[in-house]
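Observations on chain architecture
Single-letter residue listing:
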Amino acid sequence: MKFKTVREGQQAVVFNHFGEGRLIIGPERVFLYRERLQYLKSYTANQYEFLVLKDKDGVVIHKRGPCEIFHNPMMYDSIVTKDATKIDANHLIVVYKRLKDNDVQRRIIQGPTVFVPEAEEWLHQFSWHGCDASDKTRMIPGHNKFTQLAVIPEQFYYNVRDVRTVDDTMITVKLMLFYDLKEILKMLDTTHDPIADMINAVCADVITFSGRNTGAESERERHPWIPRMNHTRSILIKGQQEMEKAEQDHKQEVENMKQVHELEMRQMEHEQALKVATMTTSSNLDDQKAKNTKQVDHLSKLRDLGMDVTLYITLQHTPPANEEIRVATTPAGTAL
């Protein structure tokens, strides 16, 4: 037996030994006999928040702030505070709502406003191509995820790489694309990623156009797909500058390939000459070896026959006489 005090602004639940409970709203002095008092936790939400109340029977209720709810365990299974969706100007959200007949209703909410969804509502999650943080001209599928859609003109950069012209020149066309969303519902019904559709379309047009023209012709002619797009001058100028650079790179690459080919031919000729010289030297050595072997066999046979081999070799290598001296004697005995 004891007394408990529930202060003003507090709430509590008293459970008896049978498990039955009663709600106490302060200020109040409570006498407990074979009972247990449990203070309730307070959940609050400001004007930019809301409370998600889940009843014991599974029903979910969203209560807009500012408000305060005590978590009564006899009524609620859970209470969660969540932020409302702040929609800026020139932005909108797409909201879906489940109806009683299991149909789904779709509506668009335009900013600026603060949106608090009902329990049967949820927001559309957009998943578009997004720019790579390390390379703004590279788009990553599903990188840009958001719920608020901007309805003001936007832009992004994209490089169409490895475009081959009719003269077999590989170029990279740099594009700056501007777009403005007009019909949101039509976009939702026809595509889930309009950025990907624009990239695919412009890549197909660039490749088709470049495949019918040379690099120089692409600089002089107007792109056939430019009139269908806004801010065409930026696209055309960037494409021409890239084509000029690509043509210079192509010429330099051809010149480098010629130099490399000449070096390879010189190296091949040198290797071929070296191979021929090696084969000739080896053949001469073999011939000399055969001659030496034959000479040794011949001298061995002469030695077996009793001939003086040294004298034979000396006579073989004695140079022939190239002068003749005659001595004549007169009758008086004087030599002339």
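What counts and how
Residues numbered from 1 in each chain as written. Predicted model: local features only at pLDDT ≥ 70, side-chain atom pairs only at ≥ 80, totals over all residues. Heavy atoms only, no water. Helix = DSSP H or I, 4+ residues; strand = E, 2+ residues; numbered from the N terminus. Buried < 20%, exposed > 50% of the residue type's maximum accessible area, 1.4 Å probe, protein only. Pairing = 2+ DSSP bridges. Core = buried A, V, L, I, M, F, W, Y, C linked by side-chain atoms within 4.5 Å. Contact = heavy atoms within 4.5 Å. Salt bridge = Lys/Arg side-chain N within 4 Å of Asp/Glu carboxyl O. Phe/Tyr/Trp six-rings, centres within 6.5 Å; stacked < 30°, edge-to-face > 60°. Lys NZ or Arg CZ within 6 Å of the ring centre and 35° of its normal. Axes fitted to C-alpha atoms, helices over the stretch in contact; angles between N-to-C directions.

Focus: unusual backbone geometry
Residue Pro-66 is bonded to the preceding Gly-65 through a cis peptide linkage, with omega at 5 degrees. Structurally, the position occupied by Pro-66 is in the loop between strand E8 (60-64) and strand E9 (67-70). With an omega of 5 degrees, the peptide bond running from Gly-111 to Pro-112 counts as cis. Checked against the element boundaries, Pro-112 lands in the loop between strand E13 (104-110) and strand E14 (113-115). One non-glycine residue, Asn-90, lies in positive phi territory at about 65 degrees. Structurally, Asn-90 can be placed in the loop between strand E11 (85-87) and strand E12 (91-98). For Asn-102, which is not a glycine, the phi torsion comes out positive at approximately 65 degrees. On the secondary structure map, Asn-102 appears in the loop between E12 and E13. The class for Asn-102 is exposed, based on a relative accessible area of 54%.

Observations regarding the pairing of strand E2 (residues 11-16)
Most of E2 sits inside the fold, with five of its six residues counted as buried. Here E2 folds back onto strand E3 (residues 21-25) in antiparallel fashion, the turn holding four residues, of which Gly-19 has a positive phi close to 85 degrees. Here five bridges tie E2 to strand E5 (residues 35-39), and the two strands are oriented antiparallel to one another. Residue Asn-16 lies in a different strand from E5, and its bridge partner there is Glu-35.

Some details on the nonpolar core
Membership of the largest hydrophobic core comes to 26 residues, with the highest contact counts inside it found for Phe-126, Trp-128, Leu-149, Phe-156, Val-160 and Met-187. Among the elements of the structure, E12, strand E16 (126-131), strand E17 (139-146), strand E19 (154-164), strand E20 (170-179), helix H1 (184-190) and helix H2 (194-211) are those that each provide at least two residues to this core.

Quick word on the environment of Ile-199
Inspection of the secondary structure puts Ile-199 in helix H2. Overall, Ile-199 belongs to the buried group, its relative accessible area being 7%. Each C-alpha atom of the pair Ile-199 and Leu-177 lies 9.2 Å from the other, and the pair is 22 residues apart in sequence. Residue contacts for Ile-199: discarding those within four places in its chain leaves His-129, Met-139, Phe-156 and Tyr-158.

Here we look at the pattern of salt bridges
If you walk through the whole model with that rule in mind, you get eight salt bridges. Arg-161 serves as the salt-bridge partner of Asp-135, at 3.5 Å between the closest nitrogen and oxygen. Within this pair, whereas Asp-135 is found in the loop between E16 and E17, its partner Arg-161 is found in strand E19, the two being separated by 26 residues in sequence. Given a relative accessible area of 47%, Arg-161 falls into the partly exposed group. Linking Asp-168 and Arg-164 is a salt bridge whose minimum nitrogen-to-oxygen distance equals 2.2 Å.

Considerations on the packing of aromatic side chains
Following the criterion strictly, the structure yields six aromatic pairs and no others. Measuring from centroid to centroid gives 5.0 Å for Phe-3 and Phe-31, while their planes differ by 55 degrees, and the two rings are tilted. In this pair, Phe-3 is assigned in strand E1 (residues 2-6) and Phe-31 in strand E4 (residues 28-32), connecting sequence segments 28 residues apart. One aromatic cluster is present, formed by Phe-126, Trp-128 and Phe-146 through successive ring pairs. Of note, Lys-86 hangs over the ring of Tyr-48, and the distance from its end group to the ring centre comes to 4.4 Å.

Some thoughts on the side chain of Thr-85
Residue position: Thr-85 is located in strand E11. Apart from residues no more than four positions distant in its own chain, Thr-85 is found in contact with Ile-93, Thr-113, Val-114, Phe-115, Leu-123 and Gln-148.

Quick word on the sheet that holds strand E10 (residues 76-83)
With respect to topology, three strands assemble into an open sheet ordered E8-E7-E10, the strand pairing being antiparallel. Edge positions in the open sheet fall to E8 and E10, since each of these has one partner strand only. Shown here is a sheet whose adjacent strand axes are inclined to one another by a mean of 20 degrees, direction ignored.

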